[in-house]
Amino acid sequence: MTPIVRSIEPQQVQSPVESTLSLWQLRFLLRKLCLKRGEHVLLMGTHALGIVEMLAMAVGQTGQVTVLTEPGVSDIERQSLQRDLTLLPQVKVVAPGPSTDLQQCDAIAILPERLTEPYEPLMDQSWRRLGNGGRLMLTLPKGEGDQLNSAIACANQKGFVTRYRRNCDKHCAWVGVKYVAKW
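No experiment lies behind these values; they were computed from the predicted model shown.

Rules used in this analysis
- In this numbering scheme, every chain counts its residues from 1 along its sequence in written order.
- In keeping with the model being predicted, local features are shown solely for residues with a pLDDT of at least 70 and side-chain atom pairs are shown and tallied solely at 80 or more, while totals for entire chains, interfaces and linings include all residues.
- As a rule here, side-chain values come from all non-hydrogen atoms in the structure, and water together with hydrogens is ignored.
- Secondary structure follows DSSP: runs of H or I at least 4 residues long count as helices, runs of E at least 2 residues long count as strands, and numbering of each begins at the N terminus.
- Here's how the labels work: a residue is buried when its accessible area is under 20% of the maximum for its type, exposed when over 50%, partly exposed in between, all with a 1.4 Å probe on protein chains only.
- Shrake-Rupley sampling with a 1.4 Å probe provides the accessible areas, and residues are treated as covered by the protein chains on show and by no other component.
- Stacked, tilted and edge-to-face are the three classes assigned to paired rings of Phe, Tyr and Trp, where Trp is represented by its six-membered ring and a pair needs centres within 6.5 Å; plane angles under 30 degrees give stacked, over 60 edge-to-face, the rest tilted.
- Between any two strands, pairing holds if DSSP finds at least two bridges.
- The definition of a right-handed crossover adopted here requires that, viewed with the strands pointing away, the path from the first strand over the helix to the second runs clockwise.
- Between two residues, a contact is recorded if the distance between any of their heavy atoms is within 4.5 Å.
- As a per-residue quantity, pLDDT reports the predictor's confidence and falls between 0 and 100.
- To define axes, lines are fitted to C-alpha atoms, for helices over the stretch in contact only, and angles between the resulting N-to-C directions are given on a 0 to 180 degree scale.
- Between 65 and 115 degrees an angle is taken as roughly perpendicular, under 35 as roughly parallel, over 145 as roughly antiparallel, and anywhere else as oblique.
- In this scheme, a crossing is called left-handed if the near helix is turned counterclockwise away from the far one by less than a right angle; it is called right-handed if the turn is clockwise.
- We call Asp, Glu, Lys and Arg charged. Ala, Val, Leu, Ile, Met, Phe, Trp, Tyr, Cys and Pro are nonpolar, and the rest, Gly among them, are polar.

1. Comments concerning the overall build of the protein
Right, so step 1: Scanning the protein from terminus to terminus reveals five helices and seven strands.
Right, so step 2: For the protein, the α and β elements follow one another from N to C terminus as α-β-α-β-α-β-β-α-β-α-β-β.
Right, so step 3: Every one of the 183 residues in the protein was classed for burial, and the buried ones make up 44%.
Right, so step 4: Put simply, the protein shows about 10400 Å² of open surface, and 53% of that area lies on carbon and sulfur atoms.

2. Focus on the packing of aromatic side chains
Right, so step 1: Inspection of every chain in the model, using the stated rule, returns two aromatic pairs.
Right, so step 2: With centroids separated by 5.1 Å and ring planes inclined at 90 degrees, the aromatic side chains of Trp127 and Phe160 adopt a geometry described as edge-to-face. Of this pair, Trp127 sits in helix α4 (residues 120-129) while Phe160 sits in strand β6 (residues 160-167), and the two are 33 residues apart along the sequence.
Right, so step 3: Ring centres of Phe160 and Trp174 lie 6.4 Å apart, and the angle between their planes is 85 degrees; this geometry places the pair in the edge-to-face category. Placement of Phe160 in strand β6 and of Trp174 in strand β7 (residues 171-178) is noted, with a sequence separation of 14 residues between them.

3. Remarks on the pairing of strand β5 (residues 130-141)
Right, so step 1: Of all the twelve residues making up β5, nine are buried; the element is thus mostly covered by neighbouring parts of the structure.
Right, so step 2: In this sheet, β5 lies alongside strand β4 (residues 105-110) in parallel orientation, the contact comprising five bridges. Paired with Ile108 across the strands is Leu136, a residue of β5.
Right, so step 3: Taken together, β4, α4 and β5 constitute a β-α-β crossover, and its handedness is right-handed.
Right, so step 4: One ladder, built from seven bridges, connects β5 with β7; its direction is antiparallel. Within β7, the residue paired with Pro141 across the bridge is His171.

4. Concerning the environment of Leu42
Right, so step 1: Positionally, Leu42 belongs in strand β1 (residues 40-44).
Right, so step 2: Since its relative accessible area comes to 1%, Leu42 is described here as buried.
Right, so step 3: Separated by 88 residues in the primary sequence, Leu42 and Leu130 have C-alpha atoms spaced 9.6 Å apart.
Right, so step 4: Residue contacts for Leu42: discarding those within four places in its chain leaves Thr66, Leu68, Cys105, Ala107, Ile108, Ala109 and Arg129.

5. Some details on the confidence of the model for the protein
Right, so step 1: Mean pLDDT over the protein: 77, with 81% of residues reaching 70 or higher.
Right, so step 2: Below pLDDT 50 for its whole length, residues 1-19 participates in 18 contacts with residues either more than four positions away or in separate chains.

6. Some remarks on the packing of helix α1 (residues 23-31) against helix α2 (residues 49-59)
Right, so step 1: Remark: α1 packs on α2, axes separated minimally by 10 Å, with the N-to-C direction vectors making an angle of 25 degrees. Here α1 is positioned roughly parallel relative to α2, judged by the angle of their axes. Two packed elements cross with a definite hand, and for α1 against α2 that hand is right-handed. Contacts between α1 and α2 involve Leu23, Leu26, Arg27 and Leu30 on the former and, on the latter, Gly50, Ile51, Met54 and Leu55.
Right, so step 2: Within the contact of α1 with α2, the residues separate by chemical class into six nonpolar, one polar and one charged.

This is the structure we're talking about:
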């Protein structure tokens, strides 16, 4: 008797997207967010595990890292990424859109893949999600200084104050702080 052999094509899951910046550049830039233990940080952009791990180590076990996936990412890909991060219980992978989760965070890192025009919706969302004193980081690869200047102008119109700015031959980055006057 011949055994029955089934050919089942496995569900195709895309591998995590790699950032256009190298890991050492992102490590340098993420330090500019001045993350502390217990803080909540939102990551928009790449799904590279190294970046998520760096953020998780910075906020510690008492902190939280929320990875906001792109609109085109399927539930299967999102669940796969969450499974890859089971050793980091403080990391949560979520889909964009309405949520019942806590919306306030202490820092937002927007990586090159997510920083696209128009900037207004992105800056509006960042302003709403950040608490007073919250930090917003924008990063781009080298040679994208004009695009970064446009994004910074949009952020400044929203009310962000520049804390750090760099435009060199390796990368472009900006960290702004949300200050709300309390009278």
